[in-house]
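Spelled out, the chains give:
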Amino acid sequence: MPELPDIVVYIEALEKRILQKRLDRTRIASPFLLRTANPPLASAEGKTVIELRRMGKRICIGLENEIWLVLHLMIAGRLHWKKRDAKLSPPRGLAAFDFENGTLLWTEAGSKKRASLHVVAGEAGLAALDPGGIEVLDIDLDQFARTLTSANHTLKRALTDPRLFSGIGNAYSDEILFEARLSPLALTQKLKREEIERLFAATQKSLLDWTARLRRE
């Protein structure tokens, strides 16, 4: 599943293509993709993209009139930039967003359709989808320590809990724990201060290093 580094790079790529561009048409091929009914998806059509942001493992596309498209790719979802009006072919093709300068095609491999699209209004709509985890690249050691030890979980569970930390899943938690030389089964409230410091440094280093690596690729 795309996590913080992947989503950051996705958003950077999208900014180059759709920021300040008009969304002319939306096409949904999978009936399981769209998880909301109000506001309707059609309300996004004809609107210009004014902002993109990451929320956990989700990509948020902000349009005029405070309409947000919130994309969760899940494990097998991928986005592809194609020529305008590119063919949408189920079952892999889930949706297409036709912008004035090209088409953003959303696909998902496999038979289990887990990707999701929410259409929400304003910051309140976004907040309702946010699990509330803190951004580990925007905090200091003390904030990290307080969040980590707020309950006595295994390190693996704590790092991947979206209510504690934003955007970290199975893949990068493994990278972080390897870098920190800590067991995924270690209990958070049993850690020594030096181990928490090591984990904090490893978390920031791993996420930044992988973001840079994906950006180069």
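Whatever comes next refers back to the structure up there.
Residues numbered from 1 in each chain as written. Predicted model: local features only at pLDDT ≥ 70, side-chain atom pairs only at ≥ 80, totals over all residues. Heavy atoms only, no water.

As for the packing of aromatic side chains
As a reminder, the rule being used: In summary, the pairing rule links any two rings of Phe, Tyr or Trp, Trp by its six-membered ring, whose centres are within 6.5 Å, and it sorts them by plane angle into stacked for under 30 degrees, edge-to-face for over 60 and tilted for everything else. Going along the chain from the N terminus, every DSSP run of H or I of four or more residues is numbered as a helix, and every run of E of two or more is numbered as a strand. Exposure categories follow from relative accessible area, calculated using a 1.4 Å probe and restricted to protein chains: below 20% of the type maximum is buried, above 50% is exposed, and the middle band is partly exposed. Charge over a ring is defined by NZ of Lys or CZ of Arg lying within 6 Å of the ring centre and within 35 degrees of the ring normal.
Scanning all chains against the criterion turns up four aromatic pairs. Ring geometry for W81 against F99: centres 6.4 Å apart, planes inclined by 40°, an arrangement best described as tilted. On the criterion of sequence distance, the pair formed by W81 in strand β5 (residues 77-82) and F99 in strand β6 (residues 93-99) is long-range, its members being 18 residues apart. An angle of 50° between the planes, with centres 5.2 Å apart, marks the rings of F144 and F200 as tilted. Separated by 56 residues along the polypeptide, F144 in helix α3 (residues 141-148) and F200 in helix α6 (residues 193-216) bring together distant segments of the chain. Note on F144: relative accessible area 0%, which makes it buried. Ring pairs connect the aromatic residues F144, F165 and F200, which therefore count as one cluster. The ring of W210 has R213 lying over it, and the distance from NZ or CZ to the ring centre is 4.2 Å.

Describing the sheet that holds strand β3 (residues 58-63)
How we decide: At least two DSSP bridges between two strands are required for those strands to pair. The convention used is that axes are lines fitted to C-alpha atoms, helices contributing only their stretch in contact, and that angles between N-to-C directions extend from 0 to 180 degrees. By definition, residues are in contact when any of their heavy atoms lie within 4.5 Å.
Spatial ordering of the open sheet is given by β5-β7-β6-β1-β2-β3-β4-β8, a layout of eight strands whose pairing is antiparallel. A strand with exactly one partner marks an edge of an open sheet, and here the two such strands are β5 and β8 (116-121). Between one strand axis and the next, the sheet turns through 25° on average, direction left out of account. Bridge analysis of strand β1 (residues 22-28) against strand β2 (residues 47-55) gives two bridges, and the strand direction is antiparallel. Paired with L23 across the bridge in β2 is K47. Those strands touched by helix α1 (residues 4-18) are β2, β3, β5, β6 and β7 (102-108), and its axis lies near 165° from that of β2.

Overview of the pairing of β2
Successive side chains on a regular strand alternate, one facing one side of the sheet and the next facing the other. Two elements, β2 and β3, share six bridges in a ladder whose sense is antiparallel. Bridge assignment links R54 to a residue of β3, and that residue is I59. Counting the residues in the hairpin turn of β2 and β3 gives two residues, including G56, whose phi is positive at 60°.

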